[in-house]
Amino acid sequence: MKAARRLLRAPSFAFAALLTLALGIGAATAVFEVVDAVLLSPLPYPDAGRLVGLSHTLAVSGISEVDQSDASYLYYRGASHVFTDIGAYSAGAVNLGAVDGAGAGDDARPERAGAARITPSVLSVLRAAPIRGRAFAADDDVPGAAPVVLIGERLWRTTYGADPGIVGRRIRVDGVAREVVGIMPAAFAFPDASTELWLPSGIDPMHTESATFDWQAVARLRDGVTPASAGAELTRLLPRLPESFPGRLTASAIAVTQMRAVVRPLRDIVVGDVGRVLWVVLGAVGFVLLIACANVANLFLVRAEGRQREMAVRRALGAGRPAMLGEFLGEAAVVAALGGALGLVLAALGVHLLRTLGAGMNVPRITEVHLSLPVLAFAVVVTALAALLVAAVPALRSGAISPAAALAGSGRSATVGRERRRARSLLVAAQVALALVLLAGAGLMARSFARLRSVRPGFDPAHALALRVSLPEPSYRTPESVAEFDIRAVDGIAALPGVEAVGIASKLPLDAEGKQDTAVWVEDHPLRPHEMPGIHPVAYVSAGFFRAMGIPLVAGRTFDRVDPARAPLDVVVSRALAERYWKGESAIGKRIRLNPRSPWSTVIGVAGDVRGAALEQPPEQMVYCPLVAAQGAGRWTPRDVAIVVRARGAVSSIEGPVRATVRELDPAIPVYRSRPLDALVSRASARTSFTLLLLGIASAMSLALGAVGIYGVISYTVSLRTREIGVRLALGARPADVRRMVSRQALALAAAGVVAGLAGAAVLTRLLAALLYEVSPTDPVTLGGAALLLLLVAVAASWLPARRASAVDPGIALRGE
């Protein structure tokens, strides 16, 4: 192939062009591979486009959206006509024990596994079937039914050694022996990839609660029905829900809260808001690809100028312009094809990095990322477009210069030189403009990240460890038995060397597990007719929790030591909640309750504010209840809790002894999610750091490519002006004057790109608005800093050519001409 042979005669040029394109194509392909798997590919269920999720919106302070109650699920399933079927599910986790009769012995370590409670209709809605055994039948999900379970193929292979006899045997799930009736395929990751087994929902149509929205629903639309029309029908049906399922959700409550049904595509629910991040990153690497193409086009333009006299002679001898264009396109195609092939290799490495980073920030469907036909098609299209972009500029510029002009000046006439410089300068200015947009985006994310890192979470994460345990109901049937375990755990851990404080809580700040939002009635703020109480997050905590977490006490006191036989009517509230209801007065002695049928609880303390959900959100208006709390006429203690341990030294020194202490109390209870509190804070800013890292890599690549482009243009311009520089020096110009002249040219070139880039950044950075924290998308400091950095890079890139120009010997330069 002639094009390949010509490139082999210029190996340095070919290598530089190939590597530059490979970086651009590889980065774009890697990010597109993630975008395709997460955002574009349908969910792995038949006819997945008709799958939707159901929820409700509310106009209530403290909460804007709720899922389904068991009553609303049953009501919609029976009354609506827009779905083929509806299923209800609730995601969580369970303690997984040994197979009954397997002889595992007392040393078998229990596991914590992701699980979901589902109605049998979930599988029919998703059209999913086990690879072994059977699915749930309607009789499996009625009160008093024999306990059964479905397990996932991954769990079957890793935990049970792919034993074909597992179907029909019993395994321990939260202490209950359940018969394995089927094995679901590995591709069935519902509700999410962490789910490894499924239990019957246990919904009892005879005993429902319409105001407890702790179920999610998935449905399949009938042909011709849209999510919007389905949502309209459910909203029309909603006011009649209390007639079919009387309970705490009344018709007046539905009207006052402006409750509406919402139907959204299931894929949108699964993906969440991560799509915005991925589209921004894809746009960023698209800019990198354009900059790479501009750089390689500049290389091809230099190569074309070096062959200008040869091309002029061939044109004068009758060679047609199409043939000339074909040569440029052929060389560009070879370089682009090889760059695309190498780019796919780099993309594979990039995808591995993205999957690792994505798993850290819980990117949904990240495990589904793989090389697919759409990704290959994208790589081919990108490679073809790169070849066209790379070949277009030099081909058009060479075709625009007449053979006579090229031959008359040996390709160096003033007009020809200006045309060449203009084409190369435009390419470099475009690179600078694109690089500035990326730098501005990365700068905005960096400032946002810095603001997030400066946010105080409200607790002291240093030297503190958190781990979770879940007590199964068959082994701990009463609140007293749960509380006794908590007491023994606290006492045993507190006695360990190096432990400063120990506390227990149902939920930790910046952690979604254990989250519970509850209506709160305030005694001295009576509700007006039809007014709804405020919704606030509630945590059940032990006496040592605040000290172990490092949450300051603003006023009053905390709880006494846990007493299994006593449920004190005391609560501690956060400063934000106290200021909402009792601004300007003391909250101590005020009374609230979490249930209209429960007795009033007295506020005994005010704790410092914590960021409960995310660092970028305001402090939560928290209610802290004692670990053994009054509930109606009885007592209640949470079974799923976090144990927080504050160490006098390094956390790593106490983690092993703490886990061992808990295991000694009950070897059947797994200890899971053991991590320093620092990890909670880092995880809270994971999405921002993920975006910052990828934008930072893209902007660093664009900055490097832009610097190379400026260096190349200035170096080439100096070579064209060697005679002029020699004359200037011969006439008395100082070397410093020559260096300033060359640097001014580089600055002018960069300034043109900066002006265009600032205009583009002012528009495009608005796409980052939803990802920023306390930073404007048009922040002048960031935009100005990006512009200044590029101008400094331009000066640095011109330093070597300027130094070389100032060292020109006038006599040699003039004789050479």
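Residues numbered from 1 in each chain as written. Predicted model: local features only at pLDDT ≥ 70, side-chain atom pairs only at ≥ 80, totals over all residues. Heavy atoms only, no water.

Asker: Mind laying out the environment of leucine 301, listing which residues take part and the relevant values?
Answerer: Locating leucine 301 in the fold gives a position in helix 10 (residues 274-306). Sequence separation between leucine 301 and alanine 391 is 90 residues, and the spatial gap between their C-alpha atoms is 8.7 Å. (Helix = DSSP H or I, 4+ residues; strand = E, 2+ residues; numbered from the N terminus.)

Asker: Which residues make up the environment of alanine 253, and what values go with them?
Answerer: Of note, alanine 253 is situated in helix 8 (residues 251-256). Measuring from C-alpha to C-alpha, the distance between alanine 253 and histidine 530 comes to 6.9 Å, with 277 residues separating the pair along the chain.

Asker: Which residues make up the packing of aromatic side chains, and what values go with them?
Answerer: Taken as a whole, this structure holds 13 aromatic pairs when the rule is applied. For the ring pair tyrosine 45 and phenylalanine 188, a centre distance of 6.2 Å and an interplane angle of 70° mean the geometry is edge-to-face. With tyrosine 45 in the loop between helix 2 (11-40) and strand 1 (51-60) and phenylalanine 188 in the loop between strand 8 (176-184) and strand 9 (195-200), this pair connects stretches of sequence that are 143 residues apart. Exposure remark for tyrosine 45: the relative accessible area of 10% places this residue in the buried category. Where tyrosine 540 meets tryptophan 636, the ring centres are 4.8 Å apart and the plane angle is 70°; that geometry is what we call edge-to-face. Of the two residues, tyrosine 540 is situated in strand 15 (residues 534-541) and tryptophan 636 in strand 22 (residues 634-636); the sequence distance between them amounts to 96 residues. On the basis of relative accessibility, which here comes to 6%, the residue tyrosine 540 falls in the buried class. Classification of tryptophan 636 by relative accessible area gives partly exposed; the value is 28%. Through successive ring pairs, a cluster of aromatic residues spans Tyr45, Tyr89, Phe188, Phe190 and Trp198. (Phe/Tyr/Trp six-rings, centres within 6.5 Å; stacked < 30°, edge-to-face > 60°. Buried < 20%, exposed > 50% of the residue type's maximum accessible area, 1.4 Å probe, protein only.)

Asker: So what's going on with the pattern of salt bridges? Which residues, and what values?
Answerer: Should the charged atoms of two oppositely charged side chains come close, the side chains can pair. Applying the stated criterion to the full structure yields 25 salt bridges. The residue arginine 169 makes a salt bridge to aspartate 163 at a minimum N-O spacing of 3.5 Å. The exposure class of arginine 169 is partly exposed, given its relative accessible area of 30%. The closest approach of N and O atoms between lysine 590 and glutamate 585, which form a salt bridge, is 3.0 Å. By relative accessible area, which is 45% here, glutamate 585 ends up partly exposed. By sharing partners, the salt bridges in this structure join Arg468, Asp511, Glu513, Arg673 and Arg675 into a single network. (Salt bridge = Lys/Arg side-chain N within 4 Å of Asp/Glu carboxyl O.)

Asker: Lay out unusual backbone geometry with the relevant residues and their values.
Answerer: Note: most residues except glycine have negative phi, and most peptide bonds are trans. Between phenylalanine 190 and the following residue, proline 191, the backbone shows a cis peptide bond with an omega angle of 0°. Looking at the element boundaries, proline 191 is found in the loop between strand 8 and strand 9. Notably, alanine 162 is not glycine yet its phi reads approximately 55°, a positive angle. Along the chain, alanine 162 turns up in the loop between helix 5 (153-158) and strand 7 (170-173). Looking at alanine 162, the relative accessible area reads 24%, which means it is partly exposed.

Asker: I'd like a rundown of the pairing of strand 9, residues and numbers included.
Answerer: Counted residue by residue, strand 9 has six buried out of six residues, so it is predominantly covered. Alignment of strand 4 (residues 111-118) against strand 9, held across five bridges, turns out to be parallel. What sits directly across from isoleucine 118, in strand 9, is proline 200. With two bridges joining them, strand 6 (residues 148-152) and strand 9 adopt antiparallel strand pairing. Its bridge partner being in strand 9, leucine 150 is matched across the sheet by tryptophan 198. (Pairing = 2+ DSSP bridges.)

Asker: If you had to explain a nonpolar patch on the surface to someone new, which residues and values would you point to?
Answerer: A contiguous nonpolar surface patch, about 350 Å² in accessible area, is contributed by Leu329, Val381, Leu385 and Leu388. Broken down by element, the nonpolar patch gets its largest block of residues, three residues, from helix 13 (residues 373-400). Here leucine 329 is to be found in helix 12 (residues 321-360). (Patch = residues over 30% accessible without salt bridge, like charges linked within 9 Å, V, L, I, M, F, W, Y side chains within 5 Å. Areas by Shrake-Rupley, 256 points an atom, 1.4 Å probe, with all protein chains shown as cover.)

Asker: Which residues make up the nonpolar core, and what values go with them?
Answerer: Ranked by internal contacts, the top residues of the largest apolar core, which has 91 residues, are Leu21, Val38, Ile710, Leu768 and Leu790. Each residue touching isoleucine 710, except ones within four places of it in the same chain, is listed here: Val428, Val432, Ala746, Ala750, Ala794 and Ala797. Ranked by size, the runner-up nonpolar core spans 46 residues in total, among them Val482, Val522, Ile592 and Leu627. (Core = buried A, V, L, I, M, F, W, Y, C linked by side-chain atoms within 4.5 Å. Contact = heavy atoms within 4.5 Å.)

Asker: Before we move on, could you go through the confidence of the model for the chain and cite the residues and values that matter?
Answerer: If pLDDT is low for a region, its predicted coordinates should not be looked at in detail. Residues with a pLDDT of 70 or more make up 87% of the chain, whose mean pLDDT is 84. With pLDDT under 50 throughout, residues 103-107 is counted as low confidence; its partners more than four residues away or in other chains account for three contacts. Per-residue pLDDT stays below 50 along residues 409-416; that stretch engages in ten contacts with residues further than four places along the chain or on separate chains. (pLDDT = per-residue confidence, 0-100.)

Asker: So, the packing of helix 16 (residues 479-494) against helix 19 (residues 652-665): which residues are in play, and what are the values?
Answerer: Helices that pack against each other are described as a pair by the angle of their axes relative to one another and the distance between those axes. As a packed pair, helix 16 and helix 19 sit with axes 10 Å apart at the nearest point and diverge in direction by 145°. You can see that helix 16 and helix 19 cross each other, and the crossing is right-handed. Contacts between helix 16 and helix 19 involve Phe485, Arg488, Ala489, Gly492 and Ile493 from the former and Val658, Thr661, Val662 and Leu665 from the latter. Residue composition of the contact of helix 16 with helix 19, grouped by class: six nonpolar, two polar and one charged. (Axes fitted to C-alpha atoms, helices over the stretch in contact; angles between N-to-C directions. Left-handed = near helix turned anticlockwise from the far one by under 90°. Nonpolar A, V, L, I, M, F, W, Y, C, P; charged D, E, K, R; others polar.)

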